[in-house]
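# Architecture and fold: a report
One-letter residues, chain by chain:
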Amino acid sequence: MASAVNKSVLSDVAAEVKKYHFPLEDVPRLSCNDPVVEQMIRNEEPVILTDTNLVAAGMQWSPQYLAENIGNGLYTVYSSKTQKFLYYDDKKVARVPDFSPPTVHEDMTFQNFLCKVNKRKEGDRWMYLQQSLNDTVGPPIVRDFTTFNWAWISEQQQKNKWGALTSNLLLVGMDGVITPVHYDEQQNFFAQICGFKRFILFDPSMFGCLYPYPVYHPHDRQSQVDFDNPDFVRFPRAKELRGRQAILGPGDVLYLPVYWWHQVESVPGRGMTVSVNFWYKSAPTEKIVYPLKPQQKVAMMRNIEKMITDALNSTEEVAPLMQAMVLGRYT
Ligand SMILES: O=C(O)C(=O)C[C@H](CCCc1ccccc1)C(=O)O
Ligand SMILES: [Zn+2]
């Protein structure tokens, strides 16, 4: 089945995207009927699926269509002085005294968001609407939502023993916006509807090269490494990074396995992007099998960090204690 996005457009987009200091290999683009796909999802390997028809009627969700049909509910719109939208957890801001949020978010109607985007001038803040779909959306959107390919995605959920669908995040970005490299703790089927998104992916074993913020920090799960200006003094192992790239066009779906690092770029010059993700709780670990998977080691490190921080009841004492435990003893 011909993939919805044609190959020559994809190679044009591939030539346009930014180059970074690390090598990238292409993520395979396969039909969801290809038997290899089932194995890749089972093995938690990223793969682009070209013909799931996952969002079905949602393929008509252009920014204009959404403005006309989504109703007058309020949506969370992030704005940033730069193209980067480094996510932060509001609930953890209090614990880091001099934390200055890199973005601000404001609730507004979809129509107001689109109006602000259309009249934005050079030098104005960049804007990115990121909102979980809920029942406040207008009836046409609810109807489109029911046409999603729930049979197919529920089959993936069951076959891989994933937990519940936790949310569908609606993402509407100006072209050029970037979500810097981070990992999530959920399985993700990411559906691209409008425009082109370039994913840079790193497998979970690269945790040591990406230097995530402390777990208690508002930027928990985000890397401290700035790909546009990597500080190889503070983060020397960033030099060892080797990644994968997935360029998604309208109709493409990326299977993004839990704990896999990803940076998401709305390709400049290719129009506003509209995407919907499907976040699922990951399968519970039934039986511990050795050697442990990198994902399990990341989960362990997170638990240990939380335990030590809570037990010390102070963030300043975490590093000295862990250094005393390891330096000169295990290194
Ligand atoms: O679907 C995913 O996982 C993505 O990262 C998609 C990404 C926006 C996600 C925003 C976000 C980042 C961290 C925590 C919660 C929300 C994009 O498409 O720009
Ligand atoms: Zn993410």
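Residues numbered from 1 in each chain as written. Chains lettered and ligands numbered in written order. Predicted model: local features only at pLDDT ≥ 70, side-chain atom pairs only at ≥ 80, totals over all residues. Heavy atoms only, no water.

## Digging into the overall build of the protein chain
The condition is simple: Only runs of H or I of at least four residues qualify as helices and only runs of E of at least two qualify as strands under DSSP, and these elements are numbered from the N terminus. Computation of the radius of gyration draws on C-alpha atoms, with the globule rule given as 2.2 Å multiplied by the number of residues to the power 0.38. Three labels apply to residues, based on accessible area from a 1.4 Å probe with only protein chains included: buried if under 20% of the type maximum, exposed if over 50%, partly exposed otherwise in between. Residue contacts are counted whenever heavy atoms from the two residues lie within 4.5 Å of one another. Exposure was quantified through the Shrake-Rupley algorithm and a 1.4 Å probe, taking into account, for residues, occlusion by the shown protein chains and nothing else. When charges are counted, Lys and Arg contribute as positive and Asp and Glu as negative, whereas His and the chain ends are disregarded. For the purpose of locating charges, the reference atoms are NZ of Lys, CZ of Arg, CG of Asp and CD of Glu.
For the protein chain, the helix and strand inventory stands at nine helices and 15 strands. Here the protein chain has a C-alpha radius of gyration of 20 Å; the compact-globule value for 331 residues is 20 Å, and the two agree. Its C-alpha atoms give the protein chain principal-axis dimensions of about 60 × 50 × 40 Å. Per-residue burial for the protein chain yields a buried fraction of 50% across its 331 residues. Pairs at least 24 residues apart make up 84% of the contacts formed inside the protein chain by residues separated by at least 6 positions. Of the accessible surface of the protein chain, which amounts to about 16,200 Å², a share of 55% is contributed by carbon and sulfur atoms. If you average the places of the 34 positive and of the 36 negative side-chain charges in the protein chain, the two averages end up 2 Å apart.

## Let's talk about the sheet that holds strand 9 (residues 178-182)
Applicable threshold: Here the rule is simple: two strands pair whenever DSSP picks up at least two bridges between them. Axes, fitted as lines to C-alpha atoms, cover a helix only where it is in contact. Angles between the N-to-C directions of the axes lie from 0 to 180 degrees.
Read from one edge to the other, the open sheet built from five strands follows the order 1-12-11-14-9, with strand pairing classed as mixed. Of all the strands in the sheet, the pair left with one neighbour each is strand 1 (24-26) and strand 9. Neighbour-to-neighbour, the strand axes of this sheet turn through a mean angle of 25 degrees, independent of strand direction. Of the strand pairs in this sheet, strand 11 (residues 197-202) and strand 12 (residues 243-248) are connected by five bridges, and their pairing is antiparallel. By the bridge assignment, phenylalanine 199 is partnered in strand 12 with alanine 246.

## Details of the site of ligand 1
Here is the rule we go by: Proximity is defined per residue: if any heavy atom of the residue lies within 4 Å of a molecule or strand, that residue is considered near it. We call two N or O atoms a polar contact when they sit within 3.5 Å, provided that within protein one can donate a hydrogen and the other can accept it, with sequence-adjacent residues counted only if both atoms are side-chain atoms. Here the term charged refers only to Asp, Glu, Lys and Arg, the term nonpolar to Ala, Val, Leu, Ile, Met, Phe, Trp, Tyr, Cys and Pro, and the term polar to all other amino acids, Gly among them.
The local shell around ligand 1 holds 15 residues, among which Tyr128, Thr179, Asp184, Asn188 and Lys197 are the closest. Aspartate 184 has a polar side-chain atom sitting 2.8 Å from an oxygen atom of ligand 1. In the environment of ligand 1, an oxygen atom lies 2.9 Å from a nitrogen or oxygen atom belonging to the side chain of asparagine 188. Protein chains shield 95% of the accessible area of ligand 1, which is 460 Å² for the free molecule. Class assignment of the residues belonging to the shell around ligand 1 gives a composition of six nonpolar, six polar and three charged.

## Here's the deal with the pattern of salt bridges
Here is the rule: We count a salt bridge whenever a side-chain nitrogen from Lys or Arg sits within 4 Å of a carboxyl oxygen from Asp or Glu.
Per the counting criterion, the structure on display carries 18 salt bridges. Between aspartate 220 and lysine 92 there is a salt bridge; the shortest N-O distance is 2.9 Å. Taken together, the residues aspartate 220 in the loop between helix 7 (207-210) and strand 12 and lysine 92 in the loop between strand 4 (74-80) and strand 5 (103-109) connect sequence positions 128 residues apart. Between arginine 302 and aspartate 220 there is a salt bridge, and its shortest N-O distance comes to 2.7 Å. Pair noted here: arginine 302 is in helix 8 (residues 294-312) and aspartate 220 is in the loop between helix 7 and strand 12, with a separation of 82 residues, a long-range link. Linked by salt bridges that have partners in common, Lys18, Lys84, Asp226 and Asp228 make up one network.

## A closer look at the environment of phenylalanine 22
Here phenylalanine 22 lies in the loop between helix 1 (7-16) and strand 1. Exposure remark for phenylalanine 22: the relative accessible area of 5% places this residue in the buried category. Excluding residues within four positions of it along the chain, phenylalanine 22 makes contact with Ile200, Phe202, Phe227 and Leu241.

## Quick notes on the UniProt feature "domain: JmjC" (unreviewed entry) in the protein chain
The cut-off we apply is this: UniProt positions are given in the numbering used here, feature names are shortened, and annotations may be inferred rather than shown by experiment.
Feature annotation in UniProt places "domain: JmjC" (unreviewed entry) on residues 127-295, given in this structure's numbering. Overall, residues 127-295 shows 14% helix and 35% strand. The separation of its end C-alpha atoms is 33 Å.

## What about the packing of helix 8 against helix 9 (residues 318-326)?
So the rule is basically this: Roughly parallel here means an angle under 35 degrees, roughly antiparallel means over 145, roughly perpendicular means 65 to 115, and every remaining angle is called oblique. Left-handed is the label given to a crossing in which the near helix is rotated counterclockwise from the far helix by less than a right angle, and right-handed is the label when the rotation is clockwise.
Running from N to C, helix 8 and helix 9 cross one another at 120 degrees; their axes reach a closest spacing of 10 Å. In terms of their interaxial angle, helix 8 and helix 9 are classed as oblique. Viewed along their axes, helix 8 and helix 9 form a crossing whose handedness is right-handed. Between helix 8, through Ile308, Thr309 and Leu312, and helix 9, the contact on the second element is made entirely by Val318, Leu321 and Met322. Residue classes in the contact of helix 8 with helix 9 are distributed as five nonpolar, one polar and no charged.

## Description of a nonpolar patch on the surface
The condition that has to hold: Patch membership is restricted to residues that have no salt bridge and whose relative accessible area is over 30%. Joining uses 9 Å for like charges and 5 Å for the nonpolar side chains Val, Leu, Ile, Met, Phe, Trp and Tyr.
A surface patch of nonpolar side chains, about 490 Å² in accessible area, is lined by Leu321, Met325, Val326, Leu327 and Tyr330. Within the secondary structure, methionine 325 sits in helix 9.

## Focus: the coordination of the zinc ion (ligand 2)
Quick reminder of the rule: Only N, O and S atoms count as donors, using a 2.8 Å cut-off from the metal and 3.2 Å for Na, K and Ca, and because water is excluded some sites may appear unfinished.
Taken together, the protein ligands of the zinc ion (ligand 2) are His182 (NE2), Asp184 (OD) and His262 (NE2), with distances of 2.0 to 2.1 Å. Donor residues for the zinc ion (ligand 2), ordered by position in the chain, follow H-x1-D-x77-H. Placement of the pair is histidine 182 in strand 9 and histidine 262 in strand 14 (residues 261-266), with a sequence separation of 80 residues. What makes histidine 262 buried here is its relative accessible area of 4%.

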